[in-house]
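For reference, the chains in residue letters:
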Amino acid sequence: SGSSLTERVRINSNGIVSVVNGIALGVGTSTTDSNVLDDYEEGSHVVTMTDTGGGATITPHNSYKTLAYVKVGRLVHVQGVLLVSAISQTMTGTLRVSLPFASATISSGAGRSYLTLGAYNVDFTAGTAPYGSVAQGQSYFEGAVSGDNISGGQYRVTTSSQIYVAGSYYASA
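Everything quoted here is computed from the prediction, not taken from an experiment. (Residues numbered from 1 in each chain as written. Predicted model: local features only at pLDDT ≥ 70, side-chain atom pairs only at ≥ 80, totals over all residues. Heavy atoms only, no water.)

A.B. asks: Before we go on, may I ask you to explain the pairing of strand 9 (residues 95-98) in this structure?
C.D. replies: Along any regular strand the residues' side chains alternate between the sheet's two faces. In the sheet, strand 5 (residues 49-51) pairs with strand 9 via three bridges, with the strands oriented antiparallel. Within the sheet, the bridge partner assigned to threonine 50 lies in strand 9 and is arginine 96. Sheet topology note: the strand 9/strand 12 (residues 140-146) ladder contains three bridges and is antiparallel. Across the sheet, the residue bridging to serine 98 is tyrosine 140, located in strand 12. (Pairing = 2+ DSSP bridges. Helix = DSSP H or I, 4+ residues; strand = E, 2+ residues; numbered from the N terminus.)

What follows is the structure in structure tokens.
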């Protein structure tokens, strides 16, 4: 008497939870098993660093050239410390760092993400607030700088630069 027959949790034949308290844990609007967020991966990604201006060759430090990542469904979280051990010449562009997965291309710019960047021994051409810009459909972030009354500055590394990275972005399917 008085008991509710409302579905609270659904576990499919593979042991995957697909509904909790009436909320589908799927991608899109379907609650079918094919849309359940059962895609989980974690690992490390060895980065490549480049100068968007093409003027400098950047060599990351052997012990600090990896970003750890966790991917659940299409959401990817990355974090790590990157060091530069050598750079061939003064940069002419801004820092570009590879990511483990390409970012999503979504209408209205919702696929663009921003990673938090900390920095030591990095040359900012303008501004004081560094961030990593992940453009839609790309498998890298570019260092950028913002601040009062500027449209954006470049993020240029030198030998012995340290870059602290953390943040999430939405990956392509």
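A.B. asks: Any chance you could explain the environment of aspartate 123 here in plain terms?
C.D. replies: As for its position among the elements, aspartate 123 is in strand 10 (residues 113-124). For aspartate 123, a relative accessible area of 39% gives the class partly exposed. As a C-alpha pair, aspartate 123 and threonine 158 span 35 residues in sequence and 7.5 Å in three-dimensional space. If we skip the residues at most four places from it in the chain, aspartate 123 touches Gln154, Tyr155 and Arg156. (Buried < 20%, exposed > 50% of the residue type's maximum accessible area, 1.4 Å probe, protein only. Contact = heavy atoms within 4.5 Å.)

A.B. asks: I'm lost on unusual backbone geometry in this one. Help?
C.D. replies: Note on backbone geometry: most residues besides glycine have negative phi, and most peptide bonds are trans. Even without a glycine there, the phi angle at asparagine 121 is positive, about 60°. Its location among the elements puts asparagine 121 in strand 10. Here asparagine 121 falls in the partly exposed class, since its relative accessible area comes to 36%. Non-glycine residue serine 160 carries a positive phi angle of around 80°.

A.B. asks: Which parts of the structure should I look at to understand the confidence of the model for the protein?
C.D. replies: Close inspection of predicted coordinates is inappropriate in any region flagged by low pLDDT. Of all residues in the protein, 72% have pLDDT values of 70 or greater, and the mean over the chain is 81. Across residues 27-31, where pLDDT falls below 50, the model places six contacts with residues more than four positions away in sequence or in other chains. (pLDDT = per-residue confidence, 0-100.)

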